[in-house]
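Coordinate inspection notes
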Amino acid sequence: MLQATVKLCCGIAHDHLRRLPGLKVTAVAAIQKDMRGLVVRGSRRLPSKIPHYIQRLMGKETATCPESDGDVSPSRLSSVDLSYITQGETALQQALSILQQDTSWQAETTPDAGAAVSSAALPGLGKVFRAEVVLAVPVAQLHRELFERIEQMPQWNPTLSRVKVLQRVGTDTLVTHEVTAPSPGNLVGQRDFVSVRHRGRRETAIYLVGTATRVEPLPLQEGCIRAESRLSCIVLQPLAGDPDRTRFTWLLSMDLKASATALLGGWIPASVINRVLPQSQADFIKHLRRHLSAAACP
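Because the structure is a prediction, the values reported are computed rather than measured. Position labels on residues start from 1 in each chain and follow its written sequence. Where totals are concerned, whole chains, interfaces and linings use all residues; where local detail is concerned, this predicted model gives features only for residues with pLDDT of at least 70, and gives and counts side-chain atom pairs only at 80 or more. Side-chain figures throughout are based on the complete set of non-hydrogen atoms in the structure, without hydrogens or water.

Okay, the environment of Val194 next. Helix numbering and strand numbering both begin at the N terminus, where a helix is a DSSP run of H or I of at least 4 residues and a strand a DSSP run of E of at least 2. With respect to the secondary-structure elements, Val194 resides in strand β6 (residues 191-202). Only protein chains enter the accessibility calculation, which uses a 1.4 Å probe. A residue is then buried if its area is under 20% of the maximum for its type, exposed if over 50%, and partly exposed in between. A relative accessible area of 3% means that Val194 is categorised as buried. Placed 17 residues apart in sequence, Val194 and His177 show a C-alpha to C-alpha distance of 4.6 Å. Beyond its immediate stretch of four places on either side in the chain, Val194 contacts Thr176, His177, Thr211, Ala212, Thr213, Val215, Pro219 and Arg226. The criterion used for residue contact is that any of the two residues' heavy atoms lie within 4.5 Å.

For the rest of this paragraph, the subject is the side chain of Ser253. Looking at where Ser253 falls in the secondary structure, it is placed in strand β10 (residues 242-255). Polar contacts, as used here, are pairs of N or O atoms within 3.5 Å; protein pairs need one atom able to donate a hydrogen and one able to accept it. Residues neighboring in sequence count only if both atoms are side-chain atoms. Within polar-contact distance, the side chain of Ser253 engages the backbone oxygen of Leu125 at 3.1 Å. Apart from the residues lying within four places of it in its own chain, the contact partners of Ser253 are Leu125, Lys127, Val128, Ser229, Arg230 and Leu231.

This part takes up unusual backbone geometry. Residue Pro217 follows Glu216 across a cis peptide bond; omega there is -5 degrees. Within the secondary structure, Pro217 sits in the loop between β7 (205-212) and β8 (225-226). Positive phi, normally seen in glycine, also occurs at Glu203, with a value near 60 degrees. Examined against the element boundaries, Glu203 turns out to sit in the loop between β6 and β7. Under the relative-accessibility criterion, Glu203 is labelled exposed at 77%.

Okay, structure coming up:
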């Protein structure tokens, strides 16, 4: 099996094959199974340093993003840990596929015109919203705020009451629990999410992806409805000719799990949900702008 896996890895090293997401995901799963098996059996054939391309596919390449704290021995990664890495890599491949598609995006109207928000109905995800804006800060600073300092988000984003990192898997994958803040008059109500968050780099861009996952035991949050992130992907890319500015693109698809008690005992209409999500993206960007401005002028 390992020999076949190595051949598969060699195949995806070619440019024309690397673009096939399904093949890469298959390689990830196969490599993880083989590497895990060698570790469990205590094989002496396991090299002391895992080849670079295998580290990359396992989500453990330290050069993929800035501020990596070093590699982690595969012997310390459980099958659950590896499943989180695979979920994150799969979400990344799904986001890359969407971004590369020639999709017809329809403009969404939001009261705050600080970002352009559009949407498209995509197979397997339903309605996906895309927010785009240029921010006057470098990629590295945004990356720190949105990944490294994720637990501090509620300090500047009033729509969140809590963000907790439940587990760190290697250097590029997190398992998080997020709780939205209660808001008077909010038709959707308070939600919480359990997610895998994963980061990666493709050329000059950094990708911060998220998707729903399960952990044991599940974190409890009284008064909240457990919602799910089908896919979230924030792309940070330096603006051409101006590395101190960043092109910020955010794909978002969510299942808010509308309760039967909402809206006087009825289900929350899709029309309401479809207004809430693009507005939440615009609000997030507005709060992020304010935080970045305050940080620049202490």
